[in-house]
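# Geometric and topological summary
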Amino acid sequence: MIEIQEATKNQAAGIASLIMTAMTDDCCLYFCGEDYGLEDFRRMMTMLVEREDSQYSYKNTLVAMDGNKVVGISVSYDGGRLHELRRAFIKAAMEYIGKDHSGMDDETQAGELYLDSLAVLPEYRCQGIARKLLLATKKRANRLGLPCVGLLVDKGNPVGEALYTSVGFQYLNDNQWGGHPMKHLVL
């Protein structure tokens, strides 16, 4: 039986791998500097998940558990805290992947719980786990007093967009992130 719960620090490696799944390898490599690769990015992401002051922190993560195994994640945070939470990423990116991301565009805004990453292990897909994570994320927004959940979905990901719209997300506007054209959806 799959259970949705708050993440713990000791789940950082599994969470980081699933964040990278959500991002895709191409996107992760887009963020890396010359001579850096996916393992460098994975080390950085694991460290960022272990921190409490990062947008990717375990404190911002819901996990889908099958026993003791992390099989899915939803990473979300108050969009009004983006700049504060992104500082850890900007600093780590210089150290771990040799790239300055201090000029990165905003991907969210105040007034929404921003769903940064949603992923489920391939062997657990099509079992309703992503839907459960999305509904738990909406409950988190309600607990935090935020009026909506916002996310970006790649325009080339109709399956992801169909999942989001099936639980009530609606198109707000176009955006760009990680070198990809995106749609900004809200619930």
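Everything that follows concerns the structure shown earlier in this document.
Remember, it's a predicted structure, so these values are computed and weren't measured experimentally.

Each helix and strand counted, the protein has six helices and seven strands in total. Reading the protein from its N terminus to its C terminus gives the helix and strand order β-α-α-α-β-β-α-β-α-β-α-β-β. Taking 16 Å as the expected radius of gyration for a compact globule of 187 residues, we find that the protein reaches 15 Å, a close match to that expectation. Counting only C-alpha atoms, the protein reaches 40 × 40 × 30 Å along its principal axes. Split into buried and exposed, the 187 residues of the protein put 50% on the buried side. For the protein, long-range pairs separated by at least 24 residues make up 69% of all intrachain contacts whose partners lie at least 6 apart in sequence. Carbon and sulfur atoms provide 49% of the accessible area of the protein, an area that totals close to 9,000 Å².

Another point: the sheet that holds strand E7 (residues 180–186). Strand order in the open sheet formed by seven strands is E1-E2-E3-E4-E5-E7-E6, and the pairing between neighbours is mixed. Looking along the sheet, the strands with just one partner apiece sit at the ends: strand E1 (2–6) and strand E6 (170–177). In this sheet, neighbouring strand axes are inclined to one another by 25 degrees on average, regardless of whether the strands run parallel or antiparallel. Direction of pairing for strand E3 (residues 69–78) relative to strand E4 (residues 112–120): antiparallel, over a ladder of seven bridges.

With 63 residues, the main nonpolar core has Ile 19, Met 23, Phe 41, Met 44, Met 45, Leu 48 and Ile 73 as its most contacted residues. A total of seven residues in this core trace back to one element, the largest contributor, which is helix H1 (residues 12–23). Residue contacts for Ile 19: discarding those within four places in its chain leaves Met 45, Val 49, Tyr 56, Ile 73, Val 75 and Ser 117.

Between the first and last C-alpha of helix H4 (residues 82–96) there are 21 Å, a value that for 15 residues agrees with the 21 Å anticipated at 1.5 Å per step. Buried residues of H4: Leu 82, Leu 85, Arg 86, Ala 88, Phe 89, Ala 92 and Ala 93, and no others. Looking at the packing, one finds that the buried side of H4 touches helix H2 (25–31), helix H3 (38–50) and E3. Of the residues trailing H4, Gly 98 is marked for its positive phi of about 60 degrees.

Counted by the stated rule, this structure contains 11 salt bridges. Residue Glu 6 pairs with Arg 143 through a salt bridge whose shortest N-O separation is 3.7 Å. Note that Glu 6 is positioned in strand E1 and Arg 143 in helix H5 (residues 129–143), a separation of 137 residues in sequence. Under the relative-accessibility criterion, Glu 6 is labelled partly exposed at 40%. For Arg 143, a relative accessible area of 56% gives the class exposed. Glu 39 is the salt-bridge partner of Arg 42, the closest N and O atoms lying 3.2 Å from each other. On the criterion of helical spacing, the pair formed by Arg 42 and Glu 39 is a turn pair, its members being three residues apart in helix H3. Judged by its relative accessible area of 45%, Glu 39 falls in the partly exposed class. One salt-bridge network, in which partners are shared between bridges, spans Glu 6, Arg 140 and Arg 143.

Here the focus is the side chain of Thr 108. If you trace the backbone, Thr 108 turns up in the loop between H4 and E4. A distance of 2.6 Å separates polar atoms of two side chains, one belonging to Thr 108 and the other to Glu 112. Once residues lying within four places of it in the same chain are set aside, the contact partners of Thr 108 are Tyr 77, Gly 79, Leu 82 and Tyr 114.

Right, let's talk about unusual backbone geometry for a bit. Of note in this structure, Thr 24 is not a glycine but carries a positive phi near 80 degrees. Inspection of the secondary structure puts Thr 24 in the loop between H1 and H2.

So, how was this worked out
Residues numbered from 1 in each chain as written. Predicted model: local features only at pLDDT ≥ 70, side-chain atom pairs only at ≥ 80, totals over all residues. Heavy atoms only, no water. Helix = DSSP H or I, 4+ residues; strand = E, 2+ residues; numbered from the N terminus. Rg over C-alpha atoms; globule rule 2.2 N^0.38 Å. Buried < 20%, exposed > 50% of the residue type's maximum accessible area, 1.4 Å probe, protein only. Contact = heavy atoms within 4.5 Å. Areas by Shrake-Rupley, 256 points an atom, 1.4 Å probe, with all protein chains shown as cover. Pairing = 2+ DSSP bridges. Axes fitted to C-alpha atoms, helices over the stretch in contact; angles between N-to-C directions. Core = buried A, V, L, I, M, F, W, Y, C linked by side-chain atoms within 4.5 Å. Expected span 1.5 Å × (residues − 1). Salt bridge = Lys/Arg side-chain N within 4 Å of Asp/Glu carboxyl O. Polar contact = N/O pair within 3.5 Å; in protein donor to acceptor, adjacent residues only side chain to side chain.

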